Amino acid sequence: MTEETSRYLRWESRYRTAEGEPQPARVLRELDFLLPQQGQALDLACGYGGNALLMAAQGLAVTAWDYAGAAIEDLRERASVRGLPIRAEVRDVCAKPLPSETFDVIVVSFFLDRGLVPAIADALRPGGLLFYETFVREAVGTSGPTNPDFRLMPGELLRLFAELRVIDYREHALFGDTEQGQRDIATLVATRQA
Ligand SMILES: C[S@@+](CC[C@H](N)C(=O)[O-])C[C@H]1O[C@@H](n2cnc3c(N)ncnc32)[C@H](O)[C@@H]1O
């Protein structure tokens, strides 16, 4: 079995056995006023779909993809109960290419595949917004992946998405009073120039 297959099976089994509450990413919760009032949004590698639910509640038509069928089933159920327009689909986002210039908003939280970065930027419509949040290597806490390959190097989100215009970037790393501030994650909001 490949490492990728065993990772997939771990996610599927985690979603089948755990009771999880969808949580929107901090960057989206804190900066949701930047969202457009309408348009097409994507929650990429959505898990339980906290980002998708927030964006749909704000009036966006949301697509949500994850390869774990159990998470997608859960999101479909929640969207239907709340009457929210979310198209939740089982999809391996690394295997199936993203469509070009399709989304007004893309949110990626706690998922990092560097090979997908050009396709994510290209899937934004001109003027579209990317919200990105994931774990950094310079961390205070112990949550998140133990494999450093799945954590960001200092300033890495800025380098990965250098072609986009930065609207907001935060990475407090280990500076100052580490009891305060935004630790363990880096967050980026950026736009594809029109
Ligand atoms: C740490 S979880 C984050 C979920 C969600 N974005 C959040 O912030 O709660 C990572 C997610 O990536 C999904 N994932 C990993 N590789 C994937 C792939 N190749 N295609 C689709 N989903 C993938 C997993 O199933 C899992 O739901």
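Heads up: the structure comes first, above all this text.
These figures come from a predicted structure and were not determined experimentally.

Rules used in this analysis
- Residues numbered from 1 in each chain as written.
- Predicted model: local features only at pLDDT ≥ 70, side-chain atom pairs only at ≥ 80, totals over all residues.
- Heavy atoms only, no water.
- Helix = DSSP H or I, 4+ residues; strand = E, 2+ residues; numbered from the N terminus.
- Rg over C-alpha atoms; globule rule 2.2 N^0.38 Å.
- Buried < 20%, exposed > 50% of the residue type's maximum accessible area, 1.4 Å probe, protein only.
- Contact = heavy atoms within 4.5 Å.
- Areas by Shrake-Rupley, 256 points an atom, 1.4 Å probe, with all protein chains shown as cover.
- Salt bridge = Lys/Arg side-chain N within 4 Å of Asp/Glu carboxyl O.
- Core = buried A, V, L, I, M, F, W, Y, C linked by side-chain atoms within 4.5 Å.
- Phe/Tyr/Trp six-rings, centres within 6.5 Å; stacked < 30°, edge-to-face > 60°.
- Lys NZ or Arg CZ within 6 Å of the ring centre and 35° of its normal.
- Pairing = 2+ DSSP bridges.
- Axes fitted to C-alpha atoms, helices over the stretch in contact; angles between N-to-C directions.

Considerations on the overall build of the protein
Stage number 1. Regarding its fold elements, the protein presents six helices and seven strands.
Stage number 2. When the helices and strands of the protein are read in sequence order from the N terminus, they spell out α-α-β-α-β-α-β-β-α-β-α-β-β.
Stage number 3. Here the protein has a C-alpha radius of gyration of 16 Å; the compact-globule value for 194 residues is 16 Å, and the two agree.
Stage number 4. Referenced to the eigenvectors of the C-alpha coordinate spread, the extents of the protein come out at roughly 45 × 45 × 30 Å.
Stage number 5. Each of the 194 residues in the protein was classed as buried or not, and the buried ones make up 46%.
Stage number 6. Within the protein, contacts between residues at least 6 apart in sequence are counted, and of these 60% link residues at least 24 apart.
Stage number 7. Split by element, the accessible area of the protein, about 9,800 Å² in all, is 50% carbon and sulfur.

Considering the pattern of salt bridges
Stage number 1. Applying the stated criterion across every chain yields a total of 14 salt bridges.
Stage number 2. Here Glu12 makes a salt bridge to Arg16, at a shortest N to O gap of 3.6 Å. Linking Glu12 with Arg16, this pair stays in helix 1 (residues 3-17), spanning four residues, or about one helical turn.
Stage number 3. Look at Glu12 and you get buried, because its relative accessible area is 11%.
Stage number 4. The salt bridge partner of Glu73 is Arg16, with a shortest N-O separation of 3.8 Å. Of the two residues, Glu73 is situated in helix 4 (residues 69-82) and Arg16 in helix 1; the sequence distance between them amounts to 57 residues.
Stage number 5. Within this structure, Arg26, Glu30, Asp168 and Arg170 form a network of salt bridges that share partners.

Here's the deal with the nonpolar core
Stage number 1. One finds Leu35, Met55, Val62, Leu75, Ile86, Val105 and Phe131 to be the most contacted residues of the largest nonpolar core, which totals 26 residues.
Stage number 2. Elements that contribute at least two residues to this core include exactly helix 2 (26-30), helix 3 (50-57), strand 2 (61-66), helix 4, strand 3 (86-90), strand 4 (103-109) and strand 5 (124-135).
Stage number 3. Looking at which element gives the most residues to this core, the answer is helix 3, with five residues.
Stage number 4. Not counting residues within four places of it along the chain, the set of residues in contact with Ile86 comprises Ala52, Leu53, Ala56, Val62, Ala64, Leu75 and Ala79.

Considerations on the environment of Ala61
Stage number 1. Mapped onto the secondary structure, Ala61 falls in strand 2.
Stage number 2. Judged by its relative accessible area of 30%, Ala61 falls in the partly exposed class.
Stage number 3. Residues Ala61 and Gln40, 21 residues apart in the sequence, show an inter-C-alpha distance of 5.0 Å.
Stage number 4. With residues up to four places along the chain from it excluded, the contact list for Ala61 reads Gly39, Gln40, Ala41 and Pro85.

Topic: the packing of aromatic side chains
Aromatic ring pairs: the centre-centre distance and the angle between the two ring planes describe each pair.
Stage number 1. Taken as a whole and assessed by the stated rule, the structure comprises six aromatic pairs.
Stage number 2. Their ring planes at 50° and their centres at 5.6 Å tell us that Tyr132 and Phe161 sit as a pair that is tilted. Here Phe161 lies in the loop between helix 6 (156-160) and strand 6 (165-170) and Tyr132 lies in strand 5, a separation of 29 residues in the sequence.
Stage number 3. Taking the relative accessible area as the measure of exposure, Tyr132 reaches 1% and is therefore buried.
Stage number 4. Residue classification places Phe161 among the buried positions, given a relative accessible area of 2%.
Stage number 5. Put simply, the rings of Trp11, Tyr15 and Tyr48 pair up and form one aromatic cluster.
Stage number 6. A cation over a ring is seen here: Arg91 above Trp65, with NZ or CZ 3.7 Å from the ring centre.

Quick look at the sheet that holds strand 3
Stage number 1. Read from one edge to the other, the open sheet built from seven strands follows the order 3-2-1-4-5-7-6, with strand pairing classed as mixed. The outermost strands of the open sheet, each flanked by one partner alone, are strand 3 and strand 6. Between one strand and the next, the sheet's axes are offset by a mean angle of 15°, whatever the strand orientation.
Stage number 2. Strand contacts of helix 3: strand 1 (40-44), strand 2, strand 3 and strand 4, with the helix running at about 165° to strand 1, the strand carrying the most contacts.
Stage number 3. Relative to the sheet, helix 4 contacts strand 2 and strand 3, its axis offset from that of strand 3 by approximately 165°.

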